[in-house]
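What the coordinates show
Next come the chains, spelled out residue by residue.
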Amino acid sequence: LAFAKNHADKVSCLILESAVTKPWFHYFTFHYWICRRLLSAKNQGKFWSNLQGKVKKNPEKEIIKTLKLFTKKNPKHQYSVYNDEEKKMIKKLLFENDSGAGFVPDMEHRVGDLDTIVCPTLIIHSKFDNSVPFSHAAYAHRHVKNSTLFTAPVASHFLYLGPGSQSVLNKRLDFLKKYLHDKEK
């Protein structure tokens, strides 16, 4: 976002997917302080290692428990609608995830003046995302002048998984073809 704001001449178009576009957690909430402690640069490795150990012992149970962080729908049902390849993708994500500096920079992320973004922007977000609230997408849509908000017909933060994910891919590709093709003319 900062690059699009500061270098408008170099950005043809922009896609925001489940993006944090305003303060994520208020500093004075319990949720903020728990996440700050668990997912700091110092502690995040322990967090992921602990989760990976649990997933190794009982993959389905632990993945379903973890899905609660990402979907407002019933996580057990959500897991059941994923095909085998998608279930492998989630497991792989949990085993390869390393937030490096932790998620604290994301939690404390302040975008600033979105009104200065002028390029065509596609905002994709699911109303069932339990990780980044849909209000972030609505906020971005209100502030980015040349934006389109696409409410993803998927049931979680993972826009690329489950029923409806193909329409997300199609929307993304159509947008890129339109704006990158127009740039070539």
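Above this text is the structure in question.
Position numbers for residues count from 1 along each chain, tracking the sequence in the order it is written. Local features in this predicted model are restricted to residues of pLDDT 70 or higher, and side-chain atom pairs are both shown and tallied only at a pLDDT of 80 or more, whereas totals for entire chains, interfaces and linings draw on every residue. Hydrogen atoms and water are omitted, and side-chain values are computed over all heavy atoms in the structure.

A word on the pairing of strand S2 (residues 121-125)
Only protein chains enter the accessibility calculation, which uses a 1.4 Å probe. A residue is then buried if its area is under 20% of the maximum for its type, exposed if over 50%, and partly exposed in between. Where helices and strands are cited, they refer to DSSP runs of H or I of at least four residues and of E of at least two residues respectively, numbered from the N terminus. Most of S2 is tucked away: 5 of the 5 residues are buried. Alternating residues of S2 divide into Thr121, Ile123 and His125 and Leu122 and Ile124, and every residue in both groups is buried. By the convention used here, strands pair only if DSSP detects at least 2 bridges between them. Bridge count for S2 against strand S3 (residues 147-151) is 5 bridges, and the pairing is parallel. Each bridged residue has a counterpart across the sheet, and for histidine 125 the counterpart in S3 is threonine 151. Convention used here: a crossover is right-handed provided that the path from the first strand, over the helix, to the second strand proceeds clockwise when the strands point away from the viewer. Considered for its hand, the β-α-β crossover made up of S2, helix H8 (residues 135-143) and S3 is right-handed.

Some remarks on the layout of surface pockets
Definitions used for this entry: grid spacing 1 Å over protein atoms alone; cavity, a set of points where a 1.4 Å probe fits but cannot get out; pocket, an open set with protein on both sides within 12 Å along at least 5 of 7 lines; lining residue, one with an atom within 4 Å of a point. Grid points are joined across faces, edges and corners, and a volume is the space filled by probe spheres set on the points. For the largest pocket, the calculated volume is near 910 Å³. In terms of lining residues, the largest pocket is bounded by 32 residues, among which Trp24, Leu39, Phe70, Phe103 and Ser131 are the most central. Those elements giving two or more residues to the lining of the largest pocket turn out to be helix H2 (30-38), helix H3 (44-57), helix H6 (84-96) and helix H7 (104-107). Broken down by element, the residue count for the lining of the largest pocket peaks at 5 residues, all from H2. Taken as a whole, the second largest pocket holds about 180 Å³ of empty space. As for the second largest pocket, its lining consists of Phe47, Asn50, Leu51, Lys54, Glu62, Lys65, Thr66 and Leu69. With 4 residues, H3 is the largest single contributor of residues to the lining of the second largest pocket. Put simply, Ala, Val, Leu, Ile, Met, Phe, Trp, Tyr, Cys and Pro go in the nonpolar bin, Asp, Glu, Lys and Arg in the charged bin, and everything else, Gly too, in the polar bin. Along the lines of polarity and charge, the residues of the lining of the second largest pocket split into 3 nonpolar, 2 polar and 3 charged.

Quick notes on empty space enclosed by the protein
Across all of its chains, the model carries 1 cavity of 30 Å³ or more by this definition. In this model, the largest cavity occupies a volume close to 40 Å³. When residues of the lining of the largest cavity are traced back to their parent elements, those giving at least two are helix H4 (59-67) and H6. Considering only residue class, the lining of the largest cavity consists of 7 nonpolar, 1 polar and no charged.

Some thoughts on the sheet that holds strand S1 (residues 14-17)
Overall, parallel pairing links the 3 strands, which are arranged S1-S2-S3 in an open sheet. The two strands at the open ends of the sheet, each matched to only one other strand, are S1 and S3. Neighbouring strand axes in the sheet, compared pairwise and without regard to direction, differ in orientation by 15° on average. Residue contacts follow a heavy-atom distance rule, with two residues in contact if any of their heavy atoms lie within 4.5 Å. Axis definition: a line fitted to C-alpha atoms, over the contacting stretch in the case of helices. Angles run 0 to 180 degrees between N-to-C directions. The strands that H8 touches are S1, S2 and S3; relative to S3, the one it contacts most, it runs at about 160°.

Brief notes about the environment of isoleucine 123
By the secondary structure assignment, isoleucine 123 is in strand S2. Residue classification places isoleucine 123 among the buried residues on the basis of a relative accessible area of 2%. For the pair isoleucine 123 and phenylalanine 47, spaced 76 residues apart in the sequence, the C-alpha separation amounts to 30 Å.

Examining the packing of H3 against H4
For the pair H3 and H4, the least separation of the axes is 5 Å and the interaxial angle reads 135°. With respect to H4, the element H3 is oriented oblique. The residues of H4 that touch H3, namely those facing Leu51, Lys54, Val55, Lys56 and Lys57, are Pro59, Glu62, Ile63 and Thr66. Broken down by class, the residue content of the contact of H3 with H4 amounts to 4 nonpolar, 1 polar and 4 charged. Note on terminology: angles under 35 degrees are roughly parallel, angles over 145 are roughly antiparallel, angles of 65 to 115 are roughly perpendicular, and the others are oblique.

Considering the packing of aromatic side chains
Planes of paired rings set the category: under 30 degrees apart is stacked, over 60 is edge-to-face and the rest tilted, where pairs are Phe, Tyr or Trp rings (Trp by its six-membered ring) whose centres lie within 6.5 Å. In total, this model carries 4 aromatic pairs according to the counting rule given. Judged by centre distance (5.1 Å) and plane angle (80°), the ring pair of phenylalanine 47 and tryptophan 48 falls under edge-to-face. Charge over a ring is defined by NZ of Lys or CZ of Arg lying within 6 Å of the ring centre and within 35 degrees of the ring normal. Lying over the aromatic face of phenylalanine 128, lysine 73 brings its terminal NZ or CZ to 4.4 Å of the ring centre. Its end group placed over the ring of phenylalanine 134, lysine 127 keeps NZ or CZ at 5.3 Å from the ring centre.

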